[in-house]
Amino acid sequence: MGKANRRDFLKRLAATGAALGLAPWSIESMLQASASTSASASPGLGASGKATMLSTWNHGIEANAAGFLALQQGGTAMDMVEAGARIVESDATGLSVGIGGLPDRDGHVTLDACCMDHTGNAGSVCFVQGLPHPLSLARKVMEDTPHVMLAGAGAEQYGQELGMTRRDLLTETSRRAWEEWRKTSNYEPVINIENHDTIGILALDDSGRLSGGCTTSGLAYKMHGRVGDSPILGAGLFVDPQVGGATATGLGEAVMKTVGSFLVVELMRNGETPQQACEEAVHRIMEGMPTDDLQVGYLALSHDGNFGGHAIHEGFNFARTTRQGGSMIDASHG
Ligand code: ASP
């Protein structure tokens, strides 16, 4: 992380702490802890406990730091997931999640998210426009409604009833990128191995509660109305509290066709390690369709803290944070 990025990161961490309602002194101590760690490490809290967080891609390191901040304040695994999602959704420089996410081919930013908690409860929203924190909305659907999934205008209406503030999610940067794309695109959605960056988060707290979440602006320049795997339970995310959790990133269509995250967890239920299960789920895709131009990566965390990650192609990485600190890990591939 460069100096400027680190400054931004620390600012966002402070903002997250404030958003979580943390006392100023505790935000201060977390920032000091963070400042004294190495470039790729997130704050070690110097206490014992089995808490572990895994999050996809580079932004996972700050998501995990925010999650541990929530844990430090007495939060549960689900609070860790939500805090991690919110800091990445708030980052206007990230082009694949929340504010600043790349729009569909008509210029609309549409967001998808879901979550599952340690009781196996689940919530999801898809095709949400104008609300920057779809994972928080999915959590509200999970905790406060009799439903599991709300879509589009209905999800937005519920968010506004809850007092969530609407804002334009298209930034100057994402608008310019879309305008550039329009010049040569022929209105064709982009399918390639680079165009992926969703955040999938798996968290285990010290009491052994396991939760997960997934939040994204989806495939850049997708058709208007397209919904990917990220809000689909069993595809972009699945948590079986007795076994473990899994989350996916990459081409949602390939993940949905193989119900990937459920498959990973079910393989773990049948005795595979998280790593073996991720590999087998990736191979299931590779056996079923041409994959030269598409990327999918899986991340898995077992209820006892073992983890694994595997992707079709090189390039998928994830952040793993425990109370000893955090690091980026390059997933295996092929
Ligand atoms: N899985 C997401 C989707 O298909 C995109 C991604 O991970 O980049 O919407």
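Residues numbered from 1 in each chain as written. Predicted model: local features only at pLDDT ≥ 70, side-chain atom pairs only at ≥ 80, totals over all residues. Heavy atoms only, no water.

Attention now moves to the overall build of the chain. A tally of helices and strands in the chain yields 10 helices and 13 strands. Residues counted as buried form 57% of the 334 residues belonging to the chain. Within the chain, counting contacts between residues at least 6 apart in sequence, those at least 24 apart form 66% of the total. When the accessible surface of the chain is split by element, carbon and sulfur atoms take 50% of a total near 13100 Å². (Helix = DSSP H or I, 4+ residues; strand = E, 2+ residues; numbered from the N terminus. Buried < 20%, exposed > 50% of the residue type's maximum accessible area, 1.4 Å probe, protein only. Contact = heavy atoms within 4.5 Å. Areas by Shrake-Rupley, 256 points an atom, 1.4 Å probe, with all protein chains shown as cover.)

Turning our attention to the site of the ligand. The environment of the ligand is made up of 13 residues, and the closest members are Thr198, Arg226, Asp229, Thr249 and Gly250. Aspartate 197 is positioned with one of its backbone polar atoms (N or O) 3.1 Å from an oxygen atom of the ligand. Within the backbone of glycine 250, one N or O atom sits 2.7 Å away from a nitrogen atom of the ligand. Relative to its free-state accessible area of 270 Å², the ligand is covered by the protein chains to the extent of 99%. In this structure the site holding the ligand corresponds to the second largest pocket. Classifying every residue of the shell around the ligand by side-chain character gives one nonpolar, nine polar and three charged. (Near = heavy atom within 4 Å. Polar contact = N/O pair within 3.5 Å; in protein donor to acceptor, adjacent residues only side chain to side chain. 1 Å grid on protein atoms, 1.4 Å probe; cavity = no way out; pocket = protein on both sides within 12 Å on 5 of 7 lines; lining within 4 Å. Sits in = over half its atoms within 2 Å of the grid points. Nonpolar A, V, L, I, M, F, W, Y, C, P; charged D, E, K, R; others polar.)

Volume-wise, the second largest pocket comes out at about 220 Å³. What lines the second largest pocket is a set of 20 residues, and nearest its centre among them are Ser96, Asn195, His196, Asp197 and Gly218. A per-class count over the lining of the second largest pocket returns four nonpolar, 11 polar and five charged. (Points joined across faces, edges and corners; volume = space filled by probe spheres on them.)

Here threonine 52 lies in strand β1 (residues 52-56). Owing to a relative accessible area of 4%, threonine 52 belongs among the buried residues under this scheme. A polar contact is formed between the side chain of threonine 52 and the backbone oxygen of lysine 50, at a distance of 3.0 Å.

Turning next to the state of the cysteines. Tallying each qualifying case throughout the model produces zero disulfides. Here cysteine 115 stays unpaired: no disulfide links it, and the sulfur of cysteine 114, its closest cysteine neighbor, is 6.8 Å away. (Disulfide = S-S within 2.5 Å.)

Scanning the entire structure with this criterion turns up five aromatic pairs. Considering the side-chain rings of tryptophan 181 and tyrosine 221, the 4.5 Å spacing of their centres and the 10 degrees angle between planes classify their relative orientation as stacked. Residue tryptophan 181 is found in helix α7 (residues 172-184), and its partner tyrosine 221 is found in the loop between β6 (210-216) and β7 (237-240); the two are separated by 40 residues along the sequence. Accessibility expressed as a relative area gives 11% for tryptophan 181, which makes it buried. Every member of this aromatic cluster is reached through a ring pair, and the members are Trp57, Phe307, Phe316 and Phe318. Across from the ring centre of tyrosine 187, 3.6 Å away, lies the NZ or CZ of arginine 105, which sits over that ring. The ring of tryptophan 178 has arginine 182 lying over it, and the distance from NZ or CZ to the ring centre is 4.1 Å. (Phe/Tyr/Trp six-rings, centres within 6.5 Å; stacked < 30°, edge-to-face > 60°. Lys NZ or Arg CZ within 6 Å of the ring centre and 35° of its normal.)

For the structure shown, the criterion picks out 14 salt bridges. The salt bridge partner of aspartate 79 is arginine 139, with a shortest N-O separation of 2.9 Å. Taken together, the positions of aspartate 79 in helix α4 (residues 77-89) and arginine 139 in helix α5 (residues 134-144) put the pair 60 residues apart, joining distant regions of the chain. Judged by relative accessible area, which is 25%, aspartate 79 ranks as partly exposed. Residue classification places arginine 139 among the buried positions, given a relative accessible area of 11%. (Salt bridge = Lys/Arg side-chain N within 4 Å of Asp/Glu carboxyl O.)

Spatial strand order, β4-β3-β2-β6-β5-β1-β11-β12: eight strands in an open sheet with mixed pairing. Either end of the sheet is taken by a strand with one partner, and the two such strands are β4 (149-151) and β12 (325-330). With direction set aside, neighbouring strand axes in the sheet form an average angle of 10 degrees. Of the strand pairs in this sheet, strand β2 (residues 111-116) and strand β3 (residues 122-128) are connected by five bridges, and their pairing is antiparallel. Bridge pairing links cysteine 114 to serine 124 in β3. Strands in contact with helix α3 (residues 60-72) are β1, β5 (199-204), β11 (317-322) and β12; relative to β1, the strand with the most contacts, it is inclined by about 150 degrees. (Pairing = 2+ DSSP bridges. Axes fitted to C-alpha atoms, helices over the stretch in contact; angles between N-to-C directions.)

Bringing unusual backbone geometry into the picture now. Even without being a glycine, phenylalanine 127 presents a positive backbone phi close to 55 degrees. Within the element layout of this structure, phenylalanine 127 appears in strand β3. We note that tyrosine 221 has phi near 60 degrees; this positive angle belongs to a residue other than glycine. On the basis of relative accessibility, which here comes to 8%, the residue tyrosine 221 falls in the buried class.

On to the nonpolar core, then. Core analysis: the largest hydrophobic core is formed by 42 residues, its most contacted members being Val264, Ile285, Leu294, Val296 and Tyr298. Here leucine 294 is in contact with Ile191, Asn192, Ile193, Leu251, Ala254, Met289, Ile312 and His313, once residues within four sequence places are set aside. Of all hydrophobic cores here, the second largest spans 32 residues; its members include Phe68, Ala70, Val125 and Met142. (Core = buried A, V, L, I, M, F, W, Y, C linked by side-chain atoms within 4.5 Å.)

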